[in-house]
Amino acid sequence: MTATAPAAEATVRKSSPGTARGPRRRTGRLRRVGLPYLLLLPALLLELLVHLVPMVIGIVMSFKELTQFYIRDWSTAPWAGLDNYSVSVDFDAPVGKALLHSFLVTVAFTVLSVGLCWLIGTAAAVFMQDTFRGRGLLRALFLVPYALPVYAAVITWVFMFQHDNGLVNHVLHDQLGLTDKPSFWLIGDNSFVALLTVSVWKGWPFAFLIVMAGLQNIPRELYEAAALDGAGMVQQLRRITLPSLRPVNQVLVLVLFLWTFNDFNTPYVLFGKSAPEAADLISVHIYQASFVTWNFGTGSAMSVLLLLFLLVVTGVHLALTSRGRRTTQ
């Protein structure tokens, strides 16, 4: 008995550290695995509060007859069902006809703006691949429109587009003589040109930055081999540069499309609360339907329809690009 007791105690002492080490290891593993999710929790909560909760509230509001009489307590507004949606898509009625016009203007504006931003940004990025004196300074100057705050940049353009003392009319009419008289750029049909100019001016540096980053991944040996085979600059651009930039351009075009189609700051600062008919983008149109006419139910329905349209376009774009990758592989 006395001989076996010390042996048993020694066995317990030897086994106890191992048994205690097991829970400690599991606790440390749980901490390592759970720490990233714990750090992401504040961002997820803010995302929930800033984006998801307002989006759900907006969807609920689109099914209500919410006007200025129910702003104090919007939950007491009567249910309208699908009436707000039927009014929005009734293109024979004034509300639906105005929404369709705004949608077509936005589509034309987005296609032109994205196309010009991509074209100018790609041309500038390809030009910047060659080394020359002052290339760094020129790159910095190209990024100035993208680095400037939107409000400061657009307000500057507002002063430049002034009818009497604006820089645009001074150059086009007074110095170059291209127009018979000073033009009105912020009203009438010219407002679309003014809006497109500002959008391209502040958007193409982003395309330039993304394409320039994509060009860094193309091996220079491909261009050297193509030059030895007699390929010119145009052939190198068609056979090497553009095919290699296809994944970058797919993402770039989608991002530019979503940003431009949803752009509210540029037309709002450029024209104010009531945009001209030629530059009536759908973002400003929904704002007017909600906060000018105080019909928040119809404005929410228009916002939901816009969200569905963008989801469909994004889904189709991703499906086409993924199918293109499978065929090339």
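Here, the structure is the one placed above.
Residues numbered from 1 in each chain as written. Predicted model: local features only at pLDDT ≥ 70, side-chain atom pairs only at ≥ 80, totals over all residues. Heavy atoms only, no water.

A. Local environment of the environment of alanine 231. Looking at where alanine 231 falls in the secondary structure, it is placed in the loop between helix 9 (220-228) and helix 10 (233-244). Those residues within four positions of alanine 231 in sequence are excluded, and the remaining contacts are Ala226 and Gln236. (Helix = DSSP H or I, 4+ residues; strand = E, 2+ residues; numbered from the N terminus. Contact = heavy atoms within 4.5 Å.)

B. Structural view of the packing of aromatic side chains. Taken as a whole and judged by the stated rule, the model has 20 aromatic pairs. Between phenylalanine 103 and phenylalanine 309, the aromatic rings sit 5.0 Å apart at their centres with planes inclined by 85 degrees, giving edge-to-face as the arrangement. Linking phenylalanine 103 in helix 3 (residues 94-127) with phenylalanine 309 in helix 14 (residues 296-328), this pair joins segments that are 206 residues apart in sequence. Measuring from centroid to centroid gives 5.7 Å for tryptophan 157 and tryptophan 201, while their planes differ by 70 degrees, and the two rings are edge-to-face. Highlighted residues: tryptophan 157 in helix 6 (residues 150-160) and tryptophan 201 in helix 8 (residues 190-215), separated in sequence by 44 residues. An aromatic cluster is present here, built from Phe264, Tyr268, Tyr287, Phe291, Trp294 and Phe296 joined pairwise through their rings. (Phe/Tyr/Trp six-rings, centres within 6.5 Å; stacked < 30°, edge-to-face > 60°.)

C. Expanded view of the nonpolar core. Counting 42 residues, the largest nonpolar core has Phe161, Leu195, Phe208, Leu256 and Leu270 as the members making the most contacts within it. Put simply, the parts of the chain that give this core at least two residues each are helix 3, helix 6, helix 8, helix 9, helix 11 (246-261) and helix 12 (265-271). The element contributing the most residues to this core is helix 8, with 13 residues. Those residues within four positions of phenylalanine 161 in sequence are excluded, and the remaining contacts are Val168, Trp185, Leu186, Ala194, Thr197 and Val198. With 9 residues, the next largest nonpolar core counts Leu99, Phe261, Ile286 and Leu310 among its residues. (Core = buried A, V, L, I, M, F, W, Y, C linked by side-chain atoms within 4.5 Å. Buried < 20%, exposed > 50% of the residue type's maximum accessible area, 1.4 Å probe, protein only.)

D. Quick peek at the layout of surface pockets. Of the volumes computed, that of the largest pocket is approximately 650 Å³. For the largest pocket, the lining is made up of 21 residues, of which Ile286, Gly299, Ser303, Val304 and Leu306 are closest to its centre. Contributing elements (two or more residues each) for the lining of the largest pocket: helix 1 (4-61), helix 13 (282-292) and helix 14. For the lining of the largest pocket, the element with the highest residue contribution is helix 14, accounting for 8 residues. (1 Å grid on protein atoms, 1.4 Å probe; cavity = no way out; pocket = protein on both sides within 12 Å on 5 of 7 lines; lining within 4 Å. Points joined across faces, edges and corners; volume = space filled by probe spheres on them.)

E. Here's a closer look at the environment of glycine 58. Checked against the element boundaries, glycine 58 lands in helix 1. Placed 239 residues apart in sequence, glycine 58 and glycine 297 show a C-alpha to C-alpha distance of 8.7 Å. If we skip the residues at most four places from it in the chain, glycine 58 touches Ser300 and Val304.

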